[in-house]
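The chain contents come next:
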Amino acid sequence: MTHRLCFISRNYRGIDSSGNKAKTDNETTLRQMGAHNLGLRTTYYNSKILTFFLDLAGIIKMMLTIRPGDIVLLQYPVKKYFAFICKFAHLRHAKTIALIHDLGSMRRKKLNIGQEIKRLMHADYVIASNEKMQGWLAQHGFTNPTGALQLFDYRSERVASASAHQASGACPSLVYAGALAPRKNSFLLKMQEHIRDYQLEIYGNESGLPGLQAGDKIHLHGFINPEDFISGVKGDFGFVWDGDSIDTCSGNFGEYLRWNSPHKLSFYLHAGLPVIIWKEAALAPIIEKEGAGFAIGSIQELNDRLQTLSADDIQNMRTNVSRVSNQLRSGHFFTTAVNKALATLTQVDAQ
């Protein structure tokens, strides 16, 4: 039986959002792998109504074009259609792979863990965001084959400017970029009181976090286009932290770092920035293994930790970041995870 790698493209509203950027990057990689789009062509209309009808039309087209032996990759969550697509694929003697971008039972609490596991079990193979999430799935009763993505790729023709990342001597600079909101990053308000030996460069809509103020150590830049950020950001490290505490990552967003692979981390790496991340985060072991940054348990450690780094230490991290960034740009992590899934599913068929 011939096995075609397939996917179902859709309409992407808000392409600048991290979730849609990750999904469209993965579609680019799938096309490079020779995958077949069973749905409509990719579109970017902002209308919710048009999105609903285009995505529904894509599902209908999939029903007409899927073949026995096809292996369809779905980027989870797929809202209303996930279980239906998997069941229909099985009726046509095809299989499905689910790549997890987000787990509703963890952060948004839109369904409980049992409901999520039951839904995911419709897929023949699941690519978890990372090894921690892969272990979580097994712990909570997921029994189909799994793999781990590790890092979301970040495809862009822009490259980091070498001149933008020169070590700042005795006062290194940390870059924090993203949507600002009290429930996600109110730790920044408390962090203001603890900065001593570094600068904090914040990119985001400052009106989203009332009380955040610029000063000698904190510089507010507002929102910047991601492509311009990659080629022009000035800083020594990208900072990954969420929640309302400086002592740990707390709340739904902070705790979620234990399990997910934040797209922001790949964004920093692509921009040439070594990463500082919470030591309990799922991606902390990967960052330290790759030598592309370091992990901390509390923001209060930053002053002393940054002072222990030499110019050579920072340069070595940048060299490692450049290597990983090249992998992100080429779709390496997604390609590797998909090929492993294909090998597992086709091996099962051969037995």
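Parameters and conventions
Residues numbered from 1 in each chain as written. Predicted model: local features only at pLDDT ≥ 70, side-chain atom pairs only at ≥ 80, totals over all residues. Heavy atoms only, no water. Pairing = 2+ DSSP bridges. Helix = DSSP H or I, 4+ residues; strand = E, 2+ residues; numbered from the N terminus. Axes fitted to C-alpha atoms, helices over the stretch in contact; angles between N-to-C directions. Phe/Tyr/Trp six-rings, centres within 6.5 Å; stacked < 30°, edge-to-face > 60°. Buried < 20%, exposed > 50% of the residue type's maximum accessible area, 1.4 Å probe, protein only.

(A) Structural view of the sheet that holds strand β10 (residues 237–240). Read across the sheet, 6 strands follow the order β9-β8-β7-β10-β11-β12 without closing on themselves; strand pairing throughout is parallel. Both outer strands of the open sheet, β9 (218–220) and β12 (293–296), are each paired with one neighbouring strand and no more. Strand-to-strand twist across the sheet, computed as the mean angle between neighbouring axes with direction ignored, equals 25 degrees. Two strands pair when backbone bridges link them, and strand β7 (residues 173–177) and strand β8 (residues 199–203) are joined in this way by 5 bridges, in the parallel orientation. Opposite Ser173, over in β8, you have Gln199 as the bridge partner.

(B) Representation of the packing of aromatic side chains within the structure. Evaluated as defined, the whole model comprises 11 aromatic pairs. A ring pair is formed by Tyr76 and Phe82, whose centres lie 5.0 Å apart and whose planes are at 80 degrees; its orientation type is edge-to-face. Taken as a pair, Tyr76 and Phe82 share a single burial class, namely buried. Centroid distance Tyr176 to Phe187: 5.4 Å. Interplanar angle 80 degrees. Geometry classified as edge-to-face. Here Tyr176, found in strand β7, pairs with Phe187, found in helix α7 (residues 187–191); they are 11 residues apart in sequence, far enough to count as distant. Overall, Phe187 belongs to the buried group, its relative accessible area being 0%.

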